[in-house]
Amino acid sequence: MKSFVSHCGDLLTDDVIQRLLQPFPCAVALLSQLPSLSKAYGNSLKTASVIYRQRLYEILALLPPKRYESTFSVIVKELAVDLTAPDNQIAAATLLLPSLCHQEDLLLLGPSLQETDHRFIEEQLLLGGAVGVGSLEYDPYSIHEKVSEEDTVPKPLPPSMSMISAAVRLFGVMFPHMAEKQRAQILQQLSESIKQTKGPRQQTVRLTVVSALCSALKCLAGSRGSLGAEEVRKPALVLVMGALESNNALLRCAAAESLSRLAQVTADGSFTAALAQISFDKLKSARDVVSRTGHSLALGCLYRYLGGIGSSQHLNGCVGILCALSQDSTSPEVQTWALHSLSLVIDSSGPLFHVHVESTMSLVLMLLLTVPPAYTEVHQSLGRCLNALITTLGPELQGNGGTVSTLRTSCLVGCTVMQDSPDYLVQAQAISCLQQLHMFAPRYVNLSSLVPSLCEILLDNPVLVNLCSSYLLLRQAVIACLRQLAQREAAEVSEHAMALVKDSRDGSSFDISIRELGLEGALFSLLDRESDQRLCQDIQETLGHMLTSMAAEKLCFWIRLCKDVLSASAAAAVDTTQEEEVDGGDDESVFTSKHDTSHPFLNPCWSTRVFAAVCVCRIISQCDNADVAHFDMVQAQERKLKDPKSDFLVLHLADLIRMAFMAATDHSDQLRLSGLQTLFVVIRKFAAVPEPEFPGHLILEQYQANVGAALRPAFTPETPPDVTAKACQVCSAWIASGVVSDLGDLRRVHHLLASSLLKVQDGKEAQNQLYNESTSTMETLAVLKAWAEVYIVALERKKEHGCKQKDLLNFGNSSGDVSVDGLLSLVQAELGTLSKLWLAALQDYALLTLPPEYSSQLPVSGGAFYTVETIESARPHYYSSWAPILHATALWLNSTGFIVTDADEGVANLSRPVTPTTMGQNSTSLAAIKSPEDINTDRFHLILGISIEFLCSPRSDAPIESIIACLYALKALLDVPWPRSKMGNDQDLGVELLIVLHRLILTRESLPIQLAVLDVVRQILFAAQEHVKEKRRSAEVDDGAAEKETLPEFGEGRDTGGLVPGKSLVFATLELSLCILVRKLPQLNPKLLGSLSGKSGKPQALSVDDSRLVSAALSILSGLPAVCSPAGSVSVLPTILYLVTGVLRETAEKMLDGQMSQTFTAALQALKAIVSSPMARAEKSRAAWTGLLRSAFATLLDFLASVDAAQPDIDEMSILTAITVFILSASPEVTAVQCLQNQCIERFKRKLESKDPLVQMKSFQLLLSIFQHPSKAVSSSFIHSLAPSVIRQLQDVEQRRLDNVTELQAIQEGVKTLEALVTLTDEQNRPQLVALLLPILISFLLDENALASATDPARNLHEFALQNLMRLGPQYISVFKHLMASSPATKARIEAAIKGNQESLKAKTAATQSKSSMKSSPSIQLKTNFL
């Protein structure tokens, strides 16, 4: 019963506790009968009755006291008897008191109760005396109990001692729940029992009673309760005061602790002041050592729990008395206790003690110099005082004032004095003081002397050789100080330690390997020998700080150090440089061993080697944050040639693989796990590093045999499940890395995963009975997760390979990749089984994530991969594995198109209590046989439910990979028409998912997450569009509508156009898109700018990542009208137009290359999609759309009109391009408004007259597209108004010199525009335009002299004009002849140009022929005459 209550607290419901308490009334009643039974049956029942009391007290202390309040009187009566019966106690109280006293106060009792390597023995001898403890014969059941940190003496104790210990603990638990009257009675009874006992027995009873009282007060303080009225305080105070003047030092410590707790639970300032005054008066009058020590400690304890006791007067009096006592040279014991109490007062007083700092510091320094070193206890207390003073001063020690400098110097002098003490405890205090001083004033601590002194103390000799300092406390102080120093100045600490070694001239006791490994190697050796957990933790943190600071700079040193630790062995060191191929392939390579007698580490323990493996991973992490060259072989080699001293991690890849292999193949399971983790990190970091000597290959390919050999032992039947689980993770990473390209090598690693999958299929029959059932869950889920990751990678590679093949086919080339198809085929062979197992795992996860109130829905017999008994321990395994499994399952369903092809799909051939497709129903019943539609619906809701549940509130520690995998799963799910139809039919489901995605956008700033969210939103919108389109099509077919323009009222908004927040999918999509846009372009929100216009003067240049997000959001916005009804589209259109035009306005920035930004281009596409929407032409929304589109068009024109020379960053041509897109995409009735057209025409005229050729070129291009508009109502006005400007600009070309290519391109675009006008003109009017075009082209021609000296653009323009004339002349022969006849100069100009062109063609032909003849003759003439 005790074990159940102790270890199964989560099962202790009110009902269970009530059932447990049923036998307790009888059990308690039996307590009062035990004395009579013992008299009747003699001593034979004595031991049994004692054990019975012990068991009953122990279980009662664990249960809520409120549940057995009715039996309090009986229990308290028996407790009083047991606590005051001296025959039962022996040394029980002595063993109890140390755990009840404050740990700081135990320092007063000498070194025996302090932490040493032999504390186990010393405490047993000191406290247990002649009574043997720690023997299983006393209590065999204690072997399965957890050892409490408060238990200083090993258990089990003798029955009588255990019974007293249980009675004291139960008394403390019950006391807070007693009535005040009962408290007073029991305390009075205990006090009377002490008085009635005489002689040595009185001391024994007092020890036990004080222990019980101290336990009660601690429990009362812990529950924040109150002791009660005066009638309760008085007997308690009598008990404490009597013990405070006891000859037993341990009892005095407990009494002082009890007194302070008594004041704490009383919570009465006057009562506390009275207690302090009692001690003041006693210390002034008493001259005996016992009274002075006890009451001085009581003052310190009062300050520990109550601070300043309410007034500075008490502090002044307390400090004065304690300082006076500390100068009592006649009694070192009084000095020790007074100084210890003074240190407690200093610590507790805080800033209030500043007025006493100088005097106290002078006193401490004076005593350090005058008290003989033989009084080590006094010096220890002085060290604690000095430490407290340094803490009180804190950062003030950095000051430069005279007082601060004096105090700082006093601190340093005091530390130096204590460092020279022969006592190790005093030295430890000195080091602790220096550590504190370094924390607050680091520049005043001389590391060049401190670090060597620490090393000498730690290593017991001036060189880093023997780690044999025999004092645990001293080693703890040294390592704690080194940890702090290394955290700030790791490099200096290492240098000073090495300087100590180099300065040593004692070669006889010096190990050369230690000289090379320095302090770091010495710490590794110390870590291997230490057993104290706190010290080992400090050593690891010290090494961690040094590694973090210096790993990248001293890379070779750290790798060698870790390699030495991992490869160390008593007989041999593993060497992986030699590989031997045997039958069975490269994976059968074995690693030879050779003896190394000079190895710096001999047979380190597994925990040290595990830490070395962890250090290897940390080295890789530090290099990852330092320099990209650490993972680039080409760059590393180049920089190594330039600077031979530089070092890079990739150059040590062989060592990393070797260390991972050694650890992964060790006999220690923990080391195997660390080795596999190291191998996993190496694969992840170096998978994409190419091999420079073999282009097209990766650097890890040469280590395939090593990786395979490291993985194979982890898949043997006798391997623990956690090792196999980690190996599965490494396998999936290795396959996914792309390093393995050969199909044979791929099959070897695949075989390992396949063997694990067979084990999973075998179910419970394959479980290892040595391990808990939850380990089977861990292994199973690790296998399924690994397969899921491999499947995901295989499909990604297939997709990438398909894109590459398509590109190659476009260039007339194709190639195959065996590894891509091979990997997918290997997975597909197991896909039938994997899909069932994946679905089963997801169903388990879905059930385990249900809130507690739905726990009744959990299967009674457990899940597919967990049992009811291990449900809590199985949850973490599901939490770490579900995301890749969910993604893989969605991809599998995507590949099948939600088509059930397995006739036996409803029954999985697995030995599991719950099958993956029956969804928790009984597969043997007819009701469990589901249709394919039901199966698909269950799977759809399973994946969607898991995703929404997780994305609603992802835990803070949830990895980004899990969120991305969840979003990718949703995207893959909605890529299939059937799930999209389900989503489209259930609008509430789509709205809920959008709200969840909106929250995710708000809480996660990761670019991959936000892009994936927008992809899912696009799919949801697509599903809604398909649903509305299908509804409209069905309505047209059913109603027989003859005209497609007559759209039925389907879509959001219906007849009214209202969009209800929380119910509207369009509104939810708008919210999410607006969130993205306003975050990246805050100017879109007028409230953020404090103006209604929301205009800004300078466009914002977005990063590439932000541009992708804004572009995706705009694409989503442009699709919203298709989901709405005509009335609904009118409701949402103003918001969409405002956002799109706002993005156009804010991203119209000038680019260096003259192009438009990615965001602006996306906004143009969105604008085009919106303006050309069918809703703009629908009968019921046409008029409203026309008005709103005109407003948007006018907004763009107004913005272009507001741009002036003061805004040079705004690209007017980009806005003009948007206007052009608007004109081309909108219906004529939107833009064919006279006032709007006049503004557009005016803008184009200005741009045509621009001096910038790039602006002219773009203007010609835009005008060309407008001139070609199919609607005459749009194009005619622009042609009539702007054609003269085009002609005028081309006619002016002859008058200026052509210097650059941009001018040439602008003229060419102008000619193309004019030619287009010729084509668009009616036949009868066309000759007139040709008559204008031909002279312009002729004006571009150059005569023979001008052509020779012309610039390249001018020459190119000449050729361009000549080609066009030769093309247009035959088409318009009459116009051409008339022009030639009317102007002889023009005729001569054309003839000269044609003649010159013919001559140049002849010259080019001759040059080509001469080159070909030269190539036909040999280029090297051989000699034939050698004379």
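Predicted model only: the values in this text are computed from it and were never measured.

The number of helices and strands found in the protein chain is 58 helices and two strands. Looking at the 1427 residues of the protein chain, the share that counts as buried comes to 53%. Of the contacts formed within the protein chain by residues at least 6 apart in sequence, a portion of 73% connects residues at least 24 apart. Split by element, the accessible area of the protein chain, about 64,100 Å² in all, is 54% carbon and sulfur.

Right, let's talk about the packing of helix α12 (residues 249-266) against helix α14 (residues 289-306) for a bit. The geometry of α12 relative to α14 is characterised by a closest axis approach of 8 Å and an angle of 40 degrees between their N-to-C directions. Where α12 crosses over α14, the two elements pack in a sense that is right-handed. Each of Arg-252, Cys-253, Ala-256, Glu-257, Leu-259, Ser-260, Arg-261, Ala-263 and Gln-264 in α12 lies in contact with α14, whose residues at this interface are Val-290, Thr-293, Gly-294, Leu-297, Ala-298, Cys-301, Leu-302, Arg-304, Tyr-305 and Leu-306. Grouping the amino acids of the contact of α12 with α14 by side-chain chemistry returns eleven nonpolar, four polar and four charged.

Our focus in this paragraph is the side chain of Ser-296. Among the structural elements, Ser-296 can be located in helix α14. In this structure the side chain of Ser-296 is engaged in a polar contact, spanning 2.8 Å, whose partner is the backbone oxygen of Arg-292. In this structure Ser-296 touches Leu-283, Leu-322, Leu-325, Trp-337, Ala-338 and Ser-341, once residues within four positions along its chain are discounted.

This part is about helix α4 (residues 46-62). With 17 residues, α4 should reach 24 Å at 1.5 Å per residue; the first-to-last C-alpha distance of 25 Å fits that figure. Within α4, the full set of buried residues consists of Ser-49, Val-50, Arg-53, Gln-54, Leu-56, Tyr-57, Glu-58, Ile-59, Leu-60 and Ala-61. On its buried face, α4 sits against α1 (2-7), α3 (24-41), α5 (72-84) and α8 (159-174).

As enumerated under the stated definition, the model contains 42 salt bridges in all. Residue Glu-58 pairs with Lys-2 through a salt bridge whose shortest N-O separation is 3.2 Å. Remark: Lys-2 occurs in helix α1 and Glu-58 occurs in helix α4; sequence separation between them is 56 residues. Exposure remark for Lys-2: the relative accessible area of 24% places this residue in the partly exposed category. Here Arg-67 and Asp-14 are joined by a salt bridge, their closest N and O atoms 3.1 Å apart. Of this pair, Arg-67 sits in the loop between α4 and α5 while Asp-14 sits in helix α2 (residues 14-20), placing them 53 residues apart in sequence. Each of the salt bridges in this network shares a partner with another, and the network as a whole consists of Glu-104, Glu-257, Arg-261 and Arg-304.

For the rest of this paragraph, the subject is the packing of aromatic side chains. The relative placement of two aromatic rings is captured by the distance of their centres and the angle of their planes. Scanning the entire structure with this criterion turns up 15 aromatic pairs. For the ring pair Tyr-845 and Tyr-879, a centre distance of 6.0 Å and an interplane angle of 90 degrees mean the geometry is edge-to-face. Note that Tyr-845 is positioned in helix α35 (residues 831-848) and Tyr-879 in helix α36 (residues 871-896), a separation of 34 residues in sequence. Judged by relative accessible area, which is 2%, Tyr-845 ranks as buried. Relative to Tyr-878, the ring of Tyr-866 has its centre 6.1 Å away and its plane inclined at 90 degrees; by these criteria the two rings are edge-to-face.

For Val-334, the position within the fold is in helix α16 (residues 332-349). The spacing of Val-334 and Val-378 is 44 residues in sequence and 9.0 Å in space, taken between C-alpha atoms. Here Val-334 is in contact with Val-289, Arg-292, Thr-293, Leu-325 and Asp-328, once residues within four sequence places are set aside.

In this model, helix α50 (residues 1234-1248) (15 residues) spans 21 Å end to end at C-alpha, consistent with the 21 Å of a helix rising 1.5 Å per residue. Those residues of α50 lying buried are Leu-1236, Gln-1237, Cys-1240, Ile-1241, Arg-1243, Phe-1244, Lys-1247 and Leu-1248. Buried residues of α50, seen end-on, are gathered within an arc of 160 degrees and therefore sit on one face of the element. As for α50, its buried residues are in contact with α47 (1182-1202), α48 (1212-1225), α49 (1228-1231), α51 (1253-1267) and α52 (1272-1291).

Take the packing of α3 against α4 next. Following both chains from N to C, one finds α3 and α4 inclined at 155 degrees, their axes separated by 11 Å at the closest point. As judged from the angle between their axes, α3 and α4 are roughly antiparallel. When the axes of α3 and α4 are compared, the crossing they make is left-handed. Together, Phe-24, Ala-27, Val-28, Leu-30, Leu-31, Leu-34, Pro-35 and Ser-38 of α3 and Ser-49, Tyr-52, Arg-53, Leu-56, Tyr-57, Ile-59 and Leu-60 of α4 make up the contact between the two elements. Of the residues contributing to the contact of α3 with α4, the split by class is twelve nonpolar, two polar and one charged.

Quick look at unusual backbone geometry now. Working note: non-glycine residues mostly have negative phi, and peptide bonds are mostly trans. Here the phi dihedral of Arg-224 falls at roughly 55 degrees; this positive angle occurs in a residue that is not glycine. Assignment of secondary structure puts Arg-224 in the loop between α10 (200-222) and α11 (230-244). Residue classification places Arg-224 among the exposed residues on the basis of a relative accessible area of 80%. Although it is not a glycine, Ala-267 sits at a positive phi angle of roughly 55 degrees. Relative to the elements of secondary structure, Ala-267 occurs in the loop between α12 and α13 (269-285). Overall, Ala-267 belongs to the exposed group, its relative accessible area being 67%.

The next point concerns the side chain of Lys-1247. Along the polypeptide, Lys-1247 turns up in helix α50. In this structure Lys-1247 comes out as buried when scored by relative accessible area, which is 12%. The contacts of Lys-1247, once residues within four sequence positions are left out, are Glu-1212, Met-1213, Leu-1216, Val-1255, Gln-1256 and Ser-1259.

Our focus in this paragraph is the confidence of the model for the protein chain. The share of residues in the protein chain with pLDDT of 70 or more is 84%, and the mean pLDDT across the chain is 81. Confidence drops under pLDDT 50 across residues 903-927; counting only partners more than four residues distant or on other chains, this segment forms 53 contacts.

Quick look at a nonpolar patch on the surface now. On the surface, Leu-30, Leu-37, Tyr-41 and Leu-45 cluster together into a nonpolar patch covering about 330 Å² of accessible area. By the element assignment, Leu-30 lies in helix α3. Judged by its relative accessible area of 32%, Leu-30 is partly exposed.

This part is about the state of the cysteines. Simply put, the disulfide is a covalent bond whose two ends are the sulfur atoms of two cysteines. Per the counting criterion, the structure on display carries zero disulfides. Here Cys-301 stays free of any disulfide, with the sulfur of Cys-253 as its closest cysteine sulfur at 7.8 Å. Left without a disulfide partner, Cys-536 is nearest to the cysteine sulfur of Cys-605, which lies 8.0 Å away. Assessed through its relative accessible area of 12%, Cys-536 is described here as buried.

Calculation criteria
Residue positions are given per chain, counted from 1 along the sequence in the order it is written. Given that the model is predicted, a residue must reach a pLDDT of at least 70 before its local features are reported, and side-chain atom pairs must reach 80 or more before they are shown or counted; all residues, however, enter totals for whole chains, interfaces and linings. Computation of side-chain values: all heavy atoms of the structure, hydrogens and water removed. For the purposes of this entry, the term helix denotes a DSSP run of H or I that reaches at least four residues, the term strand denotes a run of E that reaches at least two, and both are numbered from the N terminus. Exposed residues in this analysis have more than 50% of their type's maximum accessible area, buried residues have under 20%, and partly exposed residues fall in between, with area computed by a 1.4 Å probe over protein chains only. Throughout, a residue-residue contact means that at least one pair of heavy atoms, one from each residue, lies within 4.5 Å. Every accessible area reported is derived by Shrake-Rupley at a probe size of 1.4 Å, with residue values counting cover from the shown protein chains alone. Axis angles are defined between N-to-C directions and span 0 to 180 degrees, where every axis is a line fitted to C-alpha atoms and, for a helix, only to the segment in contact. Here a crossing is taken to be left-handed if its near helix is turned anticlockwise relative to the far helix by less than a right angle, and right-handed if that turn runs clockwise. Gly is placed with the polar residues, together with every amino acid not listed as nonpolar (Ala, Val, Leu, Ile, Met, Phe, Trp, Tyr, Cys and Pro) or charged (Asp, Glu, Lys and Arg). Counted as a polar contact is a pair of N or O atoms within 3.5 Å, where, for protein atoms, one must be capable of donating a hydrogen and the other of accepting one, and residues adjacent in sequence contribute only when both atoms are in side chains. Helices are assigned an expected span. That span is 1.5 Å times one less than the residue count. We count a salt bridge whenever a side-chain nitrogen from Lys or Arg sits within 4 Å of a carboxyl oxygen from Asp or Glu. The criterion for an aromatic pair is that two Phe, Tyr or Trp rings (for Trp, the six-membered ring) have centres within 6.5 Å, with stacked assigned to planes under 30 degrees apart, edge-to-face to planes over 60 apart and tilted to the rest. Working note: the arc is built from the helix axis to C-beta atom directions. Angles below 35 degrees are treated as roughly parallel, those above 145 as roughly antiparallel, those between 65 and 115 as roughly perpendicular, and all remaining angles as oblique. As a per-residue measure, pLDDT reflects the predictor's confidence and takes values from 0 up to 100. The patches reported here contain residues having more than 30% relative accessible area and no salt bridge. Joining distances are 9 Å for like charges and 5 Å for nonpolar side chains (Val, Leu, Ile, Met, Phe, Trp, Tyr). By disulfide we mean two sulfur atoms from cysteines, separated by a distance within 2.5 Å.

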